[in-house]
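Each chain is listed here by its residues.
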Amino acid sequence: MSTLHSNLLVTGGAGFIGANFVRAHLAHDPTARVVILDALTYAGNLGNLEGIDAERCTFVRGDIRDTPLVCDLLRQHQLRALVHFAAESHVDRSILGPDLFIETNIVGTHSLLKATRLVWLEEEAGAHRFHHVSTDEVYGSLELRDAAFTESSPVRPNSPYAASKAASDHLVRAYHETFGLDAVITNCSNNYGPYQLPEKLVPLLIVNCLLGERLPVYGDGLHVRDWLHVQDHCNAILLALRKGVAGETYNIGGENERTSLEILRLVVSAIDHAFERDASLATKYPQCPAAAGRSCAELVAFVRDRPGADRRYALDITKARRELGYCPHAIAGPKFEAAFRDTVRWYMANDSWWKSVMDGHYREWVALNYNNR
Ligand code: NAD
Ligand code: TYD
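Structure report, in brief. On a predicted model such as this, the values are computed, not experimentally measured, just so you know. (Residues numbered from 1 in each chain as written. Chains lettered and ligands numbered in written order. Predicted model: local features only at pLDDT ≥ 70, side-chain atom pairs only at ≥ 80, totals over all residues. Heavy atoms only, no water.)

## A short note on the side chain of Thr135
Examined against the element boundaries, Thr135 turns out to sit in strand 5 (residues 129–135). Using a relative accessible area of 5% as the deciding quantity, one classes Thr135 as buried. When residues no more than four places from it in sequence are discounted, the contact partners of Thr135 are Tyr161, Lys165, Thr186, Asn187 and Cys188. (Helix = DSSP H or I, 4+ residues; strand = E, 2+ residues; numbered from the N terminus. Buried < 20%, exposed > 50% of the residue type's maximum accessible area, 1.4 Å probe, protein only. Contact = heavy atoms within 4.5 Å.)

Structure (structure tokens):
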């Protein structure tokens, strides 16, 4: 890999996908170095970076809206490529309080665009790359019979989160078209895997089963998402860094459409079976129904849906397959279920991680979200 794509500024690198990406990038390229810029909001945790070689990874606590700081980091570390993960990322939070989403996702992305324009185009022109990480939610919602979203599907965001990400995508595109910034956007589907904060569906269900707390199913539980293992997503970004064409957008999905209830059944069955096989789990998690020989299914609670909830997301990944050589490994069927069970096992084995990130503030918010339904 060339130095251009080896040495990266990674915004939001202490969050779920950012931390997985930093690990993947450093493992994939032995010469790589990374500077992480992360504000350590409720969603960012230094624990997500544990074990990463500090010689190759510099952590800077700071805000992407601080344009002079971003310029300084680019100059000081001679960075010519950036992968932008930093965002407010939770739809429920955007419904309860949209302002921060506008600030971080739109104003923050614009701050990065201004900094990179200044340093990479005006001060020292030359090769560079701005990689913007976005979501399938910008396309809005599909009916069951509809074809999956392609890169040319209309942008029709429904939640404040999705609208703020769509706005950031437009800004990135505009900086490419207007100023010639070398920028690529990837729009990915719902990620799952290690280090995801237990306020998103998959880790929330796992942790609540283990703690014997309710499993909130929004609405009828039949909303469909395309579940993508975080490792597949990180590989796709590494491919896009090398092969993506400036100004292009690539959809990154897992080709694993599942309803929330199907995901819930996978979690419950993985945990019930694990307790049957390993008696020590009952001692470790005494509140879990499986510790008393009962199924975690008894914890299911149907609750009021999100206002404006999207029914289905699905991505057509033909372009990424053809142009980037992308192929999700945790692809449909038994492979997906095996990758999913591995994720459940990771949370069962790493309770010290999730207990440390579920602080008082986090618990207050989860209670507020639940009581609001
Ligand atoms: P996350 O919420 O786990 O992490 C976000 C990170 O950004 C945190 O470390 C936080 O501290 C940091 N951050 C927030 N505001 C900041 C600011 N102003 N300055 C600097 N750092 C700030 O998010 P994630 O799930 O890892 O998602 C990463 C990116 O991927 C986001 O842009 C999100 O929109 C996108 N995405 C996520 C998913 C998913 O399933 N998680 C799906 C599609 C797209
Ligand atoms: P989520 O993980 O928040 O991702 P997104 O809304 O960005 O797709 O939610 C995934 C799906 O799971 C969505 O249809 C809402 C549903 N959901 C629940 O049923 N219960 C929950 O507690 C959460 C957090 C989500």
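## What about the pattern of salt bridges?
A complete count under the given rule lists 20 salt bridges for this structure. As a salt-bridge pair, Glu122 and Arg117 come within 3.4 Å of each other at their nearest N and O atoms. The exposure class assigned to Arg117 is partly exposed, which follows from its relative accessible area of 28%. Put simply, Glu257 and Arg312 hold a salt bridge, and the shortest N to O gap is 2.7 Å. With Glu257 in strand 11 (residues 257–259) and Arg312 in the loop between strand 12 (300–303) and helix 11 (318–324), the pair connects residues that are 55 residues apart, well separated along the chain. (Salt bridge = Lys/Arg side-chain N within 4 Å of Asp/Glu carboxyl O.)

## Structural notes on the packing of aromatic side chains
A full pass over the atoms with the stated rule returns 14 aromatic pairs. When the ring of Phe21 is compared with that of Phe85, the centres are 5.4 Å apart and the planes differ by 50°; the resulting orientation is tilted. With Phe21 in helix 2 (residues 16–28) and Phe85 in the loop between strand 4 (81–84) and helix 4 (91–96), this pair connects stretches of sequence that are 64 residues apart. Since its relative accessible area comes to 0%, Phe21 is described here as buried. By relative accessible area, Phe85 is classed as buried at 11%. Where Tyr192 meets Phe340, the ring centres are 5.4 Å apart and the plane angle is 45°; that geometry is what we call tilted. (Phe/Tyr/Trp six-rings, centres within 6.5 Å; stacked < 30°, edge-to-face > 60°.)

## Notes on empty space enclosed by the protein
Gaps left between atoms show up when a probe the size of a water molecule is rolled over them. One pass over the full model with this rule turns up one cavity of 30 Å³ or more. Computed from the structure, the largest cavity encloses a volume of approximately 40 Å³. Lining the largest cavity are Val172, Arg173, His176, Ala183, Ile185, Gly247, Glu248 and Thr249. Mapped onto the lining of the largest cavity, the elements with two or more residues apiece are helix 6 (160–179) and strand 6 (183–188). A per-element tally of the lining of the largest cavity places helix 6 first, with three residues. Grouping the amino acids of the lining of the largest cavity by side-chain chemistry returns three nonpolar, three polar and two charged. (1 Å grid on protein atoms, 1.4 Å probe; cavity = no way out; pocket = protein on both sides within 12 Å on 5 of 7 lines; lining within 4 Å. Points joined across faces, edges and corners; volume = space filled by probe spheres on them. Nonpolar A, V, L, I, M, F, W, Y, C, P; charged D, E, K, R; others polar.)

On their own, these measurements won't tell you what the molecule is for.
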